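Spelled out, the chains give:
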Amino acid sequence: MVDIYIRGGWIITMDRERRIIKNGAVAIEDGFIIDVGKREKLDNEYKVYADILINAERDIVLPGLINTHVHLAQGLLRACADYLSLIDWLKDRVWPLQGNYTSHEALASAKLVALEMIKSGTTTFLETGLVGRYGLDEIIEAIYSTGLRAAIARHVMDLKGYATKENILHEGLVEPGDYSFKDTIRLIYRYHGWDNKIWVWFGPRTPGAVSLELYREISAKARELNTGITMHLAEVREDVEYTIRNFGKKPVEFAHWLGLTGRNVVLVHVVWVDDDEIKLLSETETNVSHNPSSNMKLASGVARVSDMLSQGVNVTLGTDGGPSNNTYDLIREMKHAALLQPLRTLNPKAIRAEDVLEMATIRGARALMIDHLVGSIEKGKRADIIIVDYWQPHLHPLNNPVSHLVYVASGHDVKHSIIDGKLVMFNRRVLTLNEEEVIEEAERSAISLYERAGVCINPDLRWPIE
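About the criteria used
Residues numbered from 1 in each chain as written. Predicted model: local features only at pLDDT ≥ 70, side-chain atom pairs only at ≥ 80, totals over all residues. Heavy atoms only, no water. Core = buried A, V, L, I, M, F, W, Y, C linked by side-chain atoms within 4.5 Å. Buried < 20%, exposed > 50% of the residue type's maximum accessible area, 1.4 Å probe, protein only. Helix = DSSP H or I, 4+ residues; strand = E, 2+ residues; numbered from the N terminus. Contact = heavy atoms within 4.5 Å. Phe/Tyr/Trp six-rings, centres within 6.5 Å; stacked < 30°, edge-to-face > 60°. Lys NZ or Arg CZ within 6 Å of the ring centre and 35° of its normal. Salt bridge = Lys/Arg side-chain N within 4 Å of Asp/Glu carboxyl O. Axes fitted to C-alpha atoms, helices over the stretch in contact; angles between N-to-C directions. Parallel < 35°, antiparallel > 145°, perpendicular 65-115°, else oblique. Left-handed = near helix turned anticlockwise from the far one by under 90°. Nonpolar A, V, L, I, M, F, W, Y, C, P; charged D, E, K, R; others polar. Disulfide = S-S within 2.5 Å. Pairing = 2+ DSSP bridges.

Within the largest apolar cluster, 121 residues are counted, with the highest numbers of intra-cluster contacts made by Ile60, Leu62, Leu72, Tyr134, Ile143 and Phe202. No other element matches helix H3 (residues 103–119), which puts eight residues into this core. With residues near it in sequence (within four places) discarded, Leu62 still touches Ile12, Leu357, Ile377, Asp384, Ile385, Ile386, Val388 and Leu405. Counting 17 residues, the second-largest nonpolar core is a separate cluster that includes Val61, Ile385, Ile387 and Leu423.

Okay, structure coming up:
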């Protein structure tokens, strides 16, 4: 007997040979992939012995997507900060809103984001940083109950600023350094490695909100506890000016100086870097999370992704949050990643669809240090698999499934999702969350939050609403 047998159309394995199997199949038992190959061969062994038989002959079967930059607490902030550059976006909209969250509203936001990610093909994600007022234990436990895998970073800080003295965090987000550091350690001891589904990371805030001593302490403690670090870096030109002016170092040099580089580090955005910094990222095997929609919307710039890839940097893909992207759909993000590099370089060959799909799967798994568990469809790995319905006009003729996934598909095309060998979504119905309840609670929570913060009460529209 097997638990689940998928009779595929196309199987995009993302294994070491990057095999694509037409008319393929996958067998799953006890959470593991136990076989993958041609349907005509595997049918005899598994078809009549499966508890659940999924006919996916008109579908594309691929590893679950891995989103390496998510803000769970920003799910309620969609359309609350349009048409702004990063600093004004933070000071005038995002910080006042996030600084006014109750733990109940933060949990509603996290569930909304989790629901959207499941429905659009994400099976694993990296949360960039939560603060104590959000109620981290409740959020972590809620995420576990959804079935998603997650590395959840807790923000660590001991200063109030962001780059300059004029840019001060909202008081509702400010925490003492010893408290935020020790609470991260508490969460690590309580949840890190939980069922190979939940990991706890350090999430130091950007330069200006963390002292040099605390950065170094975070680096040392992360190595000691065998966990990760994620941090925004070089997102906007002002970040470069700040580290050079105050420390005489470019952003990646600054991070390396403090021990914030290496295999266990995911640096986010990394837009404003030069050749020497890209070389340093490669030499230290530091991971980069590329967030094209956020960079475009905030006019932050275009990351040199094709250059990083050519130099051996492990570049992954993230959606960022509700107010900087407005969606957590990683499939839509793939198209933006694929189109930005030809535009930046004026070279249509700057990046390929295969590169982008790697960023959203196996490269993401490597960055989260779980590529031995997930990121590809091969024997012995945990069964994190999504199934995309290609029997639709916008995905035909299907002569190149990889190209279609990157340039044509969206999260709405995901039909089924399996995480750890369990069905989490079947025929677009999420089985681990009550969709109606999640959406209704998000609506109620958003209204309460906007009124308390005095932000986003009315939509930013030029047209009248009667």
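Moving on from the model shown.
All chains considered together, the criterion is met by eleven aromatic pairs. Centroid distance Tyr101 to Tyr134: 5.6 Å. Interplanar angle 80 degrees. Geometry classified as edge-to-face. Here the residue Tyr101 occupies a position in the loop between helix H2 (86–98) and H3, and Tyr134 occupies one in the loop between strand S7 (122–130) and helix H4 (136–146), the gap between them amounting to 33 residues. Relative to Phe247, the ring of Tyr242 lies with its centre 6.0 Å away and its plane at 75 degrees, an arrangement referred to as edge-to-face. Among the aromatic residues, ring-to-ring pairing joins Tyr215, Tyr242, Phe247, Phe254 and Trp257 into one connected group. Taking the ring centre of Trp257 as reference, the NZ or CZ of Arg216 above it sits at 4.9 Å. Positioned above the aromatic ring of Phe32, the side-chain terminus of Arg382 is 3.9 Å from the ring centre.

Further remarks concern the pattern of salt bridges. Close approach of charged atoms allows side chains of opposite charge to pair. Within this structure, the stated rule accounts for 31 salt bridges. Arg190 is paired through a salt bridge with Glu141; the nearest N and O atoms lie 3.6 Å apart. One end of the pair, Arg190, is in helix H5 (residues 177–191); the other, Glu141, is in helix H4, and 49 residues separate them in sequence. The structure contains a network of salt bridges with shared partners spanning Asp137, Glu141, Arg154, Glu175, Asp183, Arg186 and Arg190.

The next point concerns the side chain of Ser445. With respect to the element layout, Ser445 can be found in helix H16 (residues 435–453). Beyond its immediate stretch of four places on either side in the chain, Ser445 contacts Leu76, His104, Glu105 and Ala108.

A few words on the environment of Met14. Relative to the helices and strands, Met14 resides in the loop between strand S1 (2–12) and strand S2 (20–22). Taking the relative accessible area as the measure of exposure, Met14 reaches 6% and is therefore buried. Separated by 297 residues in the primary sequence, Met14 and Gln311 place their C-alpha atoms 21 Å from one another. In this structure, Met14 is in contact with Arg19, Pro63, Leu357, Glu358, Thr361, Ile362, Gly375 and Ser376, ignoring residues within four places of it in sequence.

Turning next to the packing of H3 against H4. Geometrically, a packed helix pair is captured by the angle between its two axes and the distance between the axes. Closest axis-to-axis distance for the H3/H4 pair is 10 Å, and the angle between their directions is 25 degrees. Put simply, H3 runs roughly parallel to H4. Viewed along their axes, H3 and H4 form a crossing whose handedness is right-handed. Residue-level inspection shows Ala106, Leu107, Ala110, Lys111, Ala114 and Ile118 of H3 in contact with H4, the latter providing Glu138, Ile139, Ala142, Ile143 and Thr146. Across the contact of H3 with H4, the residue classes tally to eight nonpolar, one polar and two charged.

Along the polypeptide, Gly301 turns up in the loop between helix H10 (292–297) and helix H11 (305–310). Put simply, Gly301 and Leu449 are 148 residues apart on the chain and 31 Å apart in space, counted from C-alpha to C-alpha. Among residues more than four places away in sequence, those in contact with Gly301 are Val271, Trp272 and Asn295.

On to the state of the cysteines, then. Within this structure, the stated rule accounts for one disulfide. Between the sulfur atoms of Cys80 and its disulfide partner Cys456 the distance amounts to 2.1 Å. An S-S torsion of about -85 degrees defines the bridge between Cys80 and Cys456 as left-handed. Of this pair, Cys80 sits in the loop between strand S6 (65–70) and H2 while Cys456 is found in the segment after H16, placing the two residues 376 residues apart along the sequence. A relative accessible area of 2% places Cys80 in the buried class.

Another aspect to go through is unusual backbone geometry. A negative phi angle characterises most non-glycine residues, just as the trans form characterises most peptide bonds. Looking along the chain, the bond that leaves His396 and enters Pro397 is cis, with omega of -5 degrees. Relative to the helices and strands, Pro397 is located in the loop between strand S16 (385–389) and helix H15 (401–407). With phi around 65 degrees, Asp320 is a residue other than glycine that occupies positive phi space. Asp320 gets classed as buried once you look at its relative accessible area, which sits at 3%.

Another aspect to go through is the pairing of strand S18 (residues 422–426). Here strand S17 (residues 414–419) runs beside S18; their pairing, made up of three bridges, is antiparallel. When the sheet's bridge partners are listed, Ile418 is paired in S18 with Leu423. Hairpin connection of S18 to strand S19 (residues 429–430): two residues between the antiparallel strands, including Asn427 at a positive phi of 50 degrees.

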